[in-house]
Amino acid sequence: MIKPNYMEKLLEGVEVEWKALSQGEKKVAELMRGRVMSKVYLENNAGDYSVYSSQTKNKGEIGKINTYDFDGEFITWTTDGANAGTVFYRTGKFSITNVCGIIKINNTKELNYRYLFYWLSIESKKHVYSGMGNPKLMSNQVAKIQIPIPPLKVQEEIVRILDAFTELTTELTAELTAELTARKKQYTYYRDKLLTFEEGEVEWKPLGEIGEFVRGNGLQKSDFAESGVGCIHYGQIYTYYGNFAYETKSFVSPTLANKLRKAKKGDLIIATTSENIEDVCKPLVWLGEDEVCVSGETYVFKHNQNPKYIAYYLQTPMFFDYKKQNRTGTKVIRVHGDKLEKFKIPLPPLAEQERIVSILDKFDTLTSSITEDLPREIELRQKQYEYYRNMLLRFPKEEVEV
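Here is a short report on the structure shown in this document. The structure displayed is predicted, hence computed values, not measured ones.

About the thresholds
- Residues numbered from 1 in each chain as written.
- Predicted model: local features only at pLDDT ≥ 70, side-chain atom pairs only at ≥ 80, totals over all residues.
- Heavy atoms only, no water.
- Helix = DSSP H or I, 4+ residues; strand = E, 2+ residues; numbered from the N terminus.
- Buried < 20%, exposed > 50% of the residue type's maximum accessible area, 1.4 Å probe, protein only.
- Pairing = 2+ DSSP bridges.
- Axes fitted to C-alpha atoms, helices over the stretch in contact; angles between N-to-C directions.
- Contact = heavy atoms within 4.5 Å.
- Phe/Tyr/Trp six-rings, centres within 6.5 Å; stacked < 30°, edge-to-face > 60°.
- Lys NZ or Arg CZ within 6 Å of the ring centre and 35° of its normal.
- 1 Å grid on protein atoms, 1.4 Å probe; cavity = no way out; pocket = protein on both sides within 12 Å on 5 of 7 lines; lining within 4 Å.
- Points joined across faces, edges and corners; volume = space filled by probe spheres on them.
- Nonpolar A, V, L, I, M, F, W, Y, C, P; charged D, E, K, R; others polar.

### Some remarks on the environment of Gln146
Reasoning step 1: Considering the arrangement of structural elements, one finds Gln146 in strand 10 (residues 146-149).
Reasoning step 2: Assessed through its relative accessible area of 21%, Gln146 is described here as partly exposed.
Reasoning step 3: Put simply, Gln146 and Glu17 are 129 residues apart on the chain and 9.9 Å apart in space, counted from C-alpha to C-alpha.

This is the structure we're talking about:
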């Protein structure tokens with residue numbers, strides 16, 4: 001942990017000089033831009049050297065080509081679009097596109113690349129402007145950014161501390177991600193094992209014989225109200241809810257609720273439309289005491305079995321293969337009710353269904369807990385890192401001579 005007065009002691013008796021990044025006689029770096037590279041160009045010149053563009057996913061890499069424009073240590077920034085002002089520390093052989101700029105330090109005995117990277121991580125976003133609705137950070141603006149330059153040893157100590165925080169955050173994220181992956185694999189293994197039966201071991205019946213499919217109707221997102229009767233839109237089933245729900249995210253007015261079809265406690269609400277096979281027919285067990293309204297593009301499955309048992313079975317590879325074979329559409333994928341009615345499911349006695357559910361519930365709870373903790377922990381570590389980064393890079397500001 002860094003003590004609040006650490007920076008004061010680190011800077012005690014040393015001079016911090018402010019200079020414009022790339023403007024005037026005292027400029028500390030040169031700025032350049034990338035070049036236009038189309039998808040066709042990337043495909044026709046595929047190779048081993050990274051090409052970086054304006055995205056932040058995969059650290060900005062959009063492909064690899066057989067040549068490179070830069071070789072060494074640099075900082076790049078995004079010049080256009082939603083990610084304008086995002087900076088990256090780069091090393092090695094690579095190229096950048098025309099929506100990126102690149103910074104080359106003139107004297108590395110005066111200014112450390114990673115120190116400059118950390119400073120620009122704070123400062124560059126402040127200089128982004130939205131010309132014609134398109135955020136931009138062009139070279140003329142970057143050139144004016146003022147850089148505090150303490151002695152190189154001080155810069156290196158700041159870098160050492162911030163690198164350690166970055167490494168710690170990366171390691172923790174990797175550990176939590178690995179734990180989540182392992183738990184998901186374990187859960188999937190036991191789910192599929194518990195829901196696999198030998199021939200003649202249990203009775204198999206089509207869903208249409210053990211229950212009734214009722215199609216939802218009428219509900220649009222524009223119908224949502226601040227309060228009223230709980231409702232579930234089909235898109236929320238695979239974007240917001242897990243396997244089970246006791247409360248709803250959204251509501252509709254009592255007047256509209258009278259016109260909508262509803263699910264009651266123990267019913268499954270099944271999304272029949274999605275953009276991918278994984279999400280289509282995702283089941284949600286409604287466990288709330290009050291009835292809940294449902295939208296079109298859903299089926300309410302009313303039955304007399306253990307609802308969680310059915311929901312778990314509708315997540316197995318057996319059902320995935322079935323809906324894959326019986327889907328319609330390409331961009332918008334659907335599985336119609338008559339196909340759902342024909343899907344056969346193994347039906348052990350209710351007591352056995354309950355035993356299976358109790359085991360899978362434990363795995364589901366553990367997996368859900370890790371899934372929720374992961375982004376929360378990453379966000380916490382990011383805030384902690386930003387706090388110390390900002391504390392370490394807080395310097396008395398002076399006017400820059402240009």
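### Some thoughts on the sheet that holds strand 7 (residues 100-105)
Reasoning step 1: In spatial order, the strands read 2-7-5-6-3-4; together these six strands make up an open sheet with mixed pairing. With partners counted over all chains shown, the strands left at the sheet margins are strand 2 (29-33) and strand 4 (61-65), one partner each. The mean inter-strand angle of the sheet, taken between neighbouring strand axes irrespective of direction, is 35 degrees.
Reasoning step 2: Sheet topology places strand 5 (residues 70-78) next to strand 6 (residues 87-96); eight bridges connect them, and they run antiparallel. Each bridged residue has a counterpart across the sheet, and for Trp77 the counterpart in strand 6 is Val87.
Reasoning step 3: Contacts from helix 3 (residues 113-123) reach strand 5, strand 6 and strand 7 within the one sheet, and its direction differs from that of strand 6 by about 130 degrees.

### Brief notes about the packing of aromatic side chains
Reasoning step 1: Tallying each qualifying case throughout the model produces 21 aromatic pairs.
Reasoning step 2: Taking 5.8 Å as the distance between ring centres and 80 degrees as the angle between the ring planes, the aromatic pair formed by Trp18 and Trp119 counts as edge-to-face. With a gap of 101 residues between them, Trp18 in strand 1 (residues 17-20) and Trp119 in helix 3 connect regions that are remote in the sequence. One exposure class covers both Trp18 and Trp119, and it is buried.
Reasoning step 3: Measuring from centroid to centroid gives 5.8 Å for Phe70 and Phe94, while their planes differ by 35 degrees, and the two rings are tilted. Here Phe70 is found in strand 5, whereas its partner Phe94 is found in strand 6, with 24 residues between them in sequence. This pair shows no difference in class: Phe70 is buried, exactly as Phe94 is.
Reasoning step 4: An aromatic cluster is present here, built from Trp204, Tyr313, Phe319, Tyr322 and Phe343 joined pairwise through their rings.
Reasoning step 5: Its end group placed over the ring of Tyr299, Arg215 keeps NZ or CZ at 5.2 Å from the ring centre.
Reasoning step 6: Positioned above the aromatic ring of Phe244 is the side chain of Lys308, whose terminal nitrogen or guanidinium carbon lies 4.5 Å from the ring centre.

### Some details on the layout of surface pockets
Reasoning step 1: The volume enclosed by the largest pocket comes to roughly 930 Å³.
Reasoning step 2: Residue lining of the largest pocket: 28 residues in total, with Gly242, Asn243, Lys282, Gln315 and Asp364 positioned closest to the centre.
Reasoning step 3: Broken down by element, the lining of the largest pocket gets its largest block of residues, five residues, from helix 12 (residues 350-392).
Reasoning step 4: The class makeup of the residues in the lining of the largest pocket is 12 nonpolar, eight polar and eight charged.
Reasoning step 5: Reported here for the second largest pocket is a volume of approximately 780 Å³.
Reasoning step 6: Looking at the second largest pocket, it is lined by 25 residues, and the ones nearest its centre are Lys59, Val87, Phe88, Phe117 and Thr166.
Reasoning step 7: For the lining of the second largest pocket, the secondary-structure elements that each account for two or more residues are strand 6, helix 3, helix 5 (152-194) and helix 12.
Reasoning step 8: Looking at side-chain class alone, the lining of the second largest pocket contains eight nonpolar, 10 polar and seven charged residues.

Any link to function would need more than the numbers given here.
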